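A look at the structure
Now for the letters of each chain:
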Amino acid sequence: MLESLQQLAGGFGIATTLPNLFYCLTGAIVGTLIGVLPGIGPIAGIALLIPATFSLNPTSAIIMLAGIYYGAMYGGSTTSILLNVPGETASVITCIDGYRMAQKGRAGPALAICAIGSFIAGSIGLLGLVAFAPPLARAALAFGPAEYFSLMVFGFIVLSNVTGASLLKSLMMALIGLIIGTIGLDPVKGDARFTFGSMSLLSGIEFVAVAIGLFGIGEVLSNVEKTAVLLDGKVLVPRLRELFPSLEDLRKSIKAMLRGTLIGFGVGLVPGPAPVIATYAAYMAEKRISKHPEEFGQGAIEGVAGPESANNAACQAAFIPLFVLGIPFAPPTAILLGALLIHGVTPGPMMIKESPELFWGVIASMYIGNFILLLLNLPFVPLFANILRIQKRILLPLVILFCITGMYSVNNSVFDIWVMLLFGGIGFMAGKGKFEGAPLLLGLVLGPRMEVAFRQSLMISHGDFSTFADRPISLAFLLATALFLIIPIFRLGLKRPGKGGASKGPAPTN
Amino acid sequence: MLKRLSAILFVFFVAGSIPVHAADFPTKEVQVIIPWAAGGATDLIFRALGATAGKYLNKAVVVVNRPGGGGAVGYTDGMKAKPDGYMLTAAVTPLCILPHQTATAFTYKDFEPILNVVSDPSMLLVRSDAPWKDLREFVDYAKKNPDMITVGNSGAGGGVHLVALAFENAAGIKLNHIPFSGGGPSVTALLGGHVNAVSVTPPEGIPQIKAGQLKIMALFADKRLAMFPDVPTVKDQGINFSMGMWRGLAAPKGTPQDVIRKLNESFKKAMDDPEFQAKAKEMSVILSYLGSKDFGALMAKDDEFFGKLIKEMKK
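What counts as what
- Residues numbered from 1 in each chain as written.
- Chains lettered and ligands numbered in written order.
- Predicted model: local features only at pLDDT ≥ 70, side-chain atom pairs only at ≥ 80, totals over all residues.
- Heavy atoms only, no water.
- Helix = DSSP H or I, 4+ residues; strand = E, 2+ residues; numbered from the N terminus.
- Rg over C-alpha atoms; globule rule 2.2 N^0.38 Å.
- Buried < 20%, exposed > 50% of the residue type's maximum accessible area, 1.4 Å probe, protein only.
- Axes fitted to C-alpha atoms, helices over the stretch in contact; angles between N-to-C directions.
- Left-handed = near helix turned anticlockwise from the far one by under 90°.
- Contact = heavy atoms within 4.5 Å.
- Nonpolar A, V, L, I, M, F, W, Y, C, P; charged D, E, K, R; others polar.
- Domains from an automatic or database assignment.
- Buried area = accessible area lost by both parts, 1.4 Å probe.
- Polar contact = N/O pair within 3.5 Å; in protein donor to acceptor, adjacent residues only side chain to side chain.
- Pairing = 2+ DSSP bridges.
- pLDDT = per-residue confidence, 0-100.

**Section: the overall build of chain A**
In terms of helices and strands, chain A carries 23 helices and two strands. Against the globule reference of 24 Å for 510 residues, chain A gives a C-alpha radius of gyration of 23 Å, in line with a compact fold. With the C-alpha coordinates aligned to their principal axes, the bounding extent of chain A is approximately 65 × 60 × 50 Å. Counting only residues that meet the buried cut, chain A has 57% of its 510 residues in that class.

**Describing the packing of helix 13 (residues 274-289) of chain A against helix 14 (residues 302-317) of chain A**
Residue and element names in this part refer to chain A. At a minimum axis distance of 8 Å, the contact between helix 13 and helix 14 shows a crossing angle of 150°. Taken as a pair, helix 13 and helix 14 cross one another with a handedness that is right-handed. Contacts between helix 13 and helix 14 pair Pro275, Ala278, Thr279, Ala282, Tyr283 and Glu286 from the former with Glu302, Gly303, Gly306, Pro307, Ala310, Asn311 and Ala314 from the latter. Across the contact of helix 13 with helix 14, the residue classes tally to seven nonpolar, four polar and two charged.

**Side note on the domain arrangement of chain B**
Residue and element names in this part refer to chain B. Split into domains, chain B comes out as domain 1 (19-119 + 244-314) and domain 2 (121-220). Each of domain 1 and domain 2 has a C-alpha centre, and the two are 28 Å apart. At the interface, 15 residues of domain 1 touch 15 residues of domain 2. Between domain 1 and domain 2 the total buried area reaches about 1,100 Å² when both faces are included, carbon and sulfur atoms providing 72% of it. Inspection of the domain 1/domain 2 interface yields zero residue pairs in polar contact (both at pLDDT 80 or more). Secondary-structure elements contributing two or more residues to the side of domain 1 that touches domain 2 are strand 9 (244-252) and helix 11 (292-314). Considered class by class, the residues forming the side of domain 1 that touches domain 2 number nine nonpolar, four polar and two charged.

**Here we look at the pairing of strand 3 (residues 87-92) of chain B**
Residues and elements named next belong to chain B. Burial within strand 3 is extensive, with six of its six residues counted as buried. The two faces of strand 3 match: Met87, Thr89 and Ala91 on one face and Leu88, Ala90 and Val92 on the other face are all buried. Note: strand 1 (residues 30-34) against strand 3, three bridges, orientation parallel. In the sheet register, Gln31 faces strand 3, and the bridge partner there is Met87. By the bridge criterion, four bridges tie strand 3 to strand 9 in an arrangement that is antiparallel.

**Focus on the environment of Gly447 of chain A**
Residues and elements named next belong to chain A. Along the chain, Gly447 turns up in helix 21 (residues 437-460). Gly447 gets classed as buried once you look at its relative accessible area, which sits at 10%. Those residues in contact with Gly447 that lie beyond four places of it in its chain are Leu178 and Leu442.

**Overview of the confidence of the model for chain B**
Residue and element names in this part refer to chain B. In the predicted model, chain B carries a mean pLDDT of 87, and 92% of its residues have values of at least 70. No element of chain B has a lower mean pLDDT than helix 1 (residues 2-16), at 51, and none a higher one than strand 3, at 96. Contacts for the low-pLDDT stretch residues 11-19, under 50 throughout, to residues beyond four places or in other chains number one contact. Reported confidences for the modelled complex are a pTM of 0.82 and an ipTM of 0.79.

Laid out in structure tokens, this is it:
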């Protein structure tokens, strides 16, 4: 630990040289911009800039590319809050309360809390990275297919009802997500499923298209339905002193940020769609703990602070398997691995020994980068918040345009744009029936991974189902899932004789 | 009105299809379709090569990622591109695998080979603490316990999966193949002890071998790896089998031969450029130049090989 601190100090020496500070700043700015634009994410951003780093030394190159990655986590929430368009997969949940806050004229505090929460989570996450990286990486290896499957089942059941609207409707949406997730190449046999001969459907339905469609386009459509008077009458112009969060906001958020950081860091170590699960879990946790769960969905600041911190912490945690094991657990770290290789650095067990100046230089630059991002993002808050001053009849078509260009940039695919528009229509219709989009997205993310893990486990065990119960970690998750399902029924049974069963939970407010 | 329109269209198409000549090729930037997402081995190699080739073509080489369908989307786009040499496609082993697996619009015959750039050997990796000391013990164990050794691969029906299947046939053993979503996850599962072996191509697994966590159980190459000269190939050990993954460049069918020649020359020069050589060495890929004719022959050979193998697998 002491040795680590010493080397970290050396790392700061490397990271604070003028050129490296410049590359860190560049990465942070590019990352923020990429995060703000819907569709285009850190993966595309890093890939585009890799050739530009050929002439740099490896440390500077990785400092800049890593900056893009965590910078995107800062910017991703901006369009979620202002326009209900999730900028990245990790900021879907932020739409729920962030957008409500903005509609109430509190876009400023929501944006500022995102930046502060990201900073706190990023800084704490880095401490975790420095102190515990090797043991945590070894713990992550304990997750094989069986453990992974049980974790996914747990996540699916527990997080489906994330918004808490109606368990039945949420499960229906989550199931639709699962079904959509089966489209494409069968992950085990390689056969095409539900593609109806279409090449574009072979790779399945793009998550970002569904997310932007359900949330962003759906919201635009439901605005279109309103009369002109109602539309422009609703523009709430934020006043200057309301641009930044009040002390009360900060007091409410700080614990949510810390909890979000913890959840995000833990989930970030698991391979796969960590940021999505982390944000859902953080939101769920905040809602459960809150004394005012009815505020969630109506613009609760904790509902923004928790998930936004969680996705940044998950992003820092994702560097652990990359640096310590040499294995990327998620697509953005996969492309960072590629960038490292192209610069002649092989991440993995030998990296800390072989290129300590790079390892510690990059870690130190992440501290600095997080600070730069905070300073960079706070002044943007008034600017972004003022976007809402634009009349809706002008803003809404612009949002559609933004979504379409952003969507195209993800895979250079026109087909994805149609998928997005289709899900825009579905989102609009679903909203009328008070069906939520978030559970569908969860099903879409977890479904294919759950299926692969399930079939892998059974292939390894030659079809023996006891493999899920024989492994302690897997068993623990399955038992937790069972408890989660049984306890409410049990409670209901206890209440029914005495109270007539009418008093389960607070009555839903409109 | 209709007549005039068709006249305009006629002029437009005829003018548009006047053949390009190599003398003034290229007059604009050359695009290379990568049928996979950014950041994979193919993507990185052609980004590096493209950056260098731009010097010799006097125009920029731009990489375009068209992921989807395990490569099918990108190859369909590449096949449909105008055959003028401005839209090339990275021709990688799956080009000869996909058409046998699903109904694709393309086969390798829809492309004009330009050159091969990289040939990576496939290999089976195990953990350093695995119970088998060498290939003989591994094969003996597999013969006595058919279907018991679990072998991870990067995706069902993908290159390394098929290589492992072909090796089974060559060695007369039966393995239990477990597909993962990519080479990274399969190597992770091996490190965690959830599978007994994995089938990969470099650079996957190289850092873990260097760190002593994994070792090469079987190397399916004609030559030993320069990085690990002590590791014998399976041929050295009496099993006549070698199979690798190739990555080259192709243009749509019908591209003029002089344009192909110009592209071949420029990319060949880029391959020999010390700048690219250094990058390739750092990525631990094995450069292996083949001219357009030889590359075409290699594609034809592997297409037949994988076609047979997949037919057997689907039985």
